[in-house]
Amino acid sequence: MTVTRPARLTGAALCGALALVIVVWLLRDLAAFGSPADLGWYWAGDHAFLLRSRSATSLLDPLLLVVYAATALAALRSSLAAPALASAGIVTLALRLPGLWATGVDALVTTLLTLGLAAGLVIAAAVGRDPAPEPPARPRRGPAVAAGALCAVAGVAWIAWEVYWARELPVEATVDRFAGGRSLLLPALAAPPAWLNVMLAVLFLAAAGGAFARAAHARPLGLLAGLLLTGWGVAGVATALRAGWAAHLAELGDDGRLALATSAYGLLAGAAVLVLSSVRGAPHPVPRRPVAALPPAPPYPRPPGW
């Protein structure tokens, strides 16, 4: 599962280019908002600034920026470079795909560039494999099972929320939540909320499956899932605390309490998955080499002429 040095350098360069695209848009939004704190609260879900300025980025962008930085380091130094590059590329393709039908020339060009770079990550991971690879260590059973269970619960929770909204909202609103539409005031680079939630659920469940199987890609995929889960948990809890939900928990409806519980779970479970996925894997057992049979010992006492 390791890759050659040219593939490592190519993967790191592609990650740098993906990060640079996000940095350019972040600088634009910082100039529009004038305050990093205001932009951070906007990402977290507080859209009180919507009338004053509209962000082009969403919470996904700073999280992916961290993903690309970590993947670039893994590409250069880790024996798990191939699954790290492939995971980052596939997740980027899944989350950025709705940008193809977004409005605005700048957003469309950014999406095309991002998808091309992400496809390059997958190709680098697949084509640049070392012909004589050193097998990476498999995740340890205890941390892998624990991380898998936490990711599985998160995936089920994210799917359950989308089923809930599909039952509560009109059909037109549900379609817009998946495909985007005029009824949604989304940042220019943001994916429709239902599409984003379903893709995150698929990521969490895939990370759970890899962890249960103790696959070679389980650790980088678990780190990626843990980071995104933690980010969404932090945003939800911070917004709830700012709105005073914690002080008026009894006054919230069932959906409000469940939303707060989901955010709290995301924060705690995501942090735990990050820690569990960071545990070094178990070393592969060294195969025993067959020992050639020794020649028989000479007789004793030796016969004459031996």
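Here, the structure is the one placed above.
Bear in mind that the values here come from a model prediction, so they are computed numbers and not experimental data.

1. Details of the packing of aromatic side chains
And step 1. On inspection of all chains with the given rule, the structure shows six aromatic pairs.
And step 2. Taking the centre distance of 5.5 Å and the plane angle of 70° together, the rings of Phe 33 and Tyr 42 count as edge-to-face.
And step 3. Residue classification places Phe 33 among the buried residues on the basis of a relative accessible area of 6%.
And step 4. Accessibility expressed as a relative area gives 3% for Tyr 42, which makes it buried.
And step 5. Taking the centre distance of 5.1 Å and the plane angle of 70° together, the rings of Tyr 164 and Trp 165 count as edge-to-face.
And step 6. For Tyr 164, a relative accessible area of 27% gives the class partly exposed.
And step 7. The class for Trp 165 is partly exposed, based on a relative accessible area of 32%.
And step 8. Ring pairs connect the aromatic residues Trp 161, Tyr 164 and Trp 165, which therefore count as one cluster.
And step 9. Over the ring of Trp 41 we find Arg 242; its NZ or CZ atom is 4.3 Å from the centre of that ring.

2. Some details on the pattern of salt bridges
Proximity of charged atoms lets side chains of opposite charge pair with each other.
And step 1. Per the counting criterion, the structure on display carries four salt bridges.
And step 2. The partner of Arg 177 in a salt bridge is Glu 162, with the nearest N and O atoms 2.7 Å apart. Placement of the pair is Arg 177 in helix H7 (residues 171-179) and Glu 162 in helix H6 (residues 141-168), with a sequence separation of 15 residues.
And step 3. Among the residues examined, Arg 177 registers a relative accessible area of 14% and is labelled buried.

3. Here's the deal with the nonpolar core
And step 1. Formed by 45 residues in total, the largest nonpolar core has its most connected members in Tyr 68, Leu 203, Phe 204, Leu 228 and Trp 232.
And step 2. The set of elements that each furnish at least two residues to this core consists of helix H1 (5-33), helix H3 (60-77), helix H4 (81-96), helix H5 (105-127), H6, helix H8 (193-213), helix H9 (218-243) and helix H10 (254-278).
And step 3. Discounting chain neighbours no more than four positions away, the residues touching Tyr 68 are Cys 15, Leu 18, Ala 19, Ile 22 and Thr 92.
And step 4. The next biggest cluster of nonpolar side chains, apart from the first, holds five residues, and it includes Val 21, Ala 56, Ala 107 and Leu 189.

4. Some remarks on the environment of Val 145
And step 1. Its place among the elements puts Val 145 in helix H6.
And step 2. Taking the C-alpha atoms as reference points, Val 145 and Leu 276, separated by 131 residues in sequence, lie 9.4 Å from one another.

5. Re the packing of H4 against H9
And step 1. Viewed as axis vectors pointing N to C, H4 and H9 meet at an angle of 40°, and their least axial separation amounts to 8 Å. For the element pair H4 / H9, the angle class is oblique. Judged by the twist between their axes, the crossing of H4 over H9 is right-handed. In this structure, H4 contributes Pro 83, Ala 84, Ser 87, Ala 88 and Val 91 to the contact, and H9 contributes Pro 220, Leu 221 and Leu 224.
And step 2. Partitioning the contact of H4 with H9 into residue classes produces seven nonpolar, one polar and no charged.

About the thresholds
Every residue gets a number counted from 1 within its own chain, in the order that chain's sequence is written. Per-residue local features of the predicted model are confined to residues with pLDDT of at least 70, and side-chain atom pairs are confined, for both listing and counting, to 80 or more; whole-chain, interface and lining totals are unaffected and use all residues. No hydrogens and no water enter the side-chain calculation; it runs on all heavy atoms of the structure. Centres within 6.5 Å make a pair out of two Phe, Tyr or Trp rings, where for Trp the six-membered ring is used; the pair is then stacked when the planes are under 30 degrees apart, edge-to-face when over 60, and tilted otherwise. The buried label goes to any residue with under 20% of its type's maximum accessible area, the exposed label to any with over 50%, and the partly exposed label to all in between, with areas taken from a 1.4 Å probe on protein chains only. Here, a charge over a ring is recorded when the distance from Lys NZ or Arg CZ to the ring centre is within 6 Å and its angle to the ring normal is within 35 degrees. Take a side-chain nitrogen of Lys or Arg and a carboxyl oxygen of Asp or Glu: if they are within 4 Å of each other, that pair is a salt bridge. Numbering of helices and strands runs from the N terminus, with a helix taken as a DSSP run of H or I at least four residues long and a strand as a DSSP run of E at least two residues long. Among buried residues, the Ala, Val, Leu, Ile, Met, Phe, Trp, Tyr and Cys ones that are joined through side-chain atoms within 4.5 Å form a nonpolar core. By the convention used here, residues are in contact when the closest approach between their heavy atoms is within 4.5 Å. Only C-alpha atoms enter the line fits that serve as axes; for helices the fit covers just the stretch in contact. Angles between N-to-C directions range over 0 to 180 degrees. Orientation labels follow simple angle bins: below 35 degrees gives roughly parallel, above 145 gives roughly antiparallel, 65 to 115 gives roughly perpendicular, and whatever is left gives oblique. Crossing chirality is assigned from the near helix's rotation relative to the far helix, an anticlockwise turn below a right angle marking it left-handed and a clockwise turn marking it right-handed. Only Asp, Glu, Lys and Arg are considered charged in this grouping, and only Ala, Val, Leu, Ile, Met, Phe, Trp, Tyr, Cys and Pro are considered nonpolar; every other residue, Gly among them, is considered polar.

Distances and angles like these do not, on their own, reveal function.
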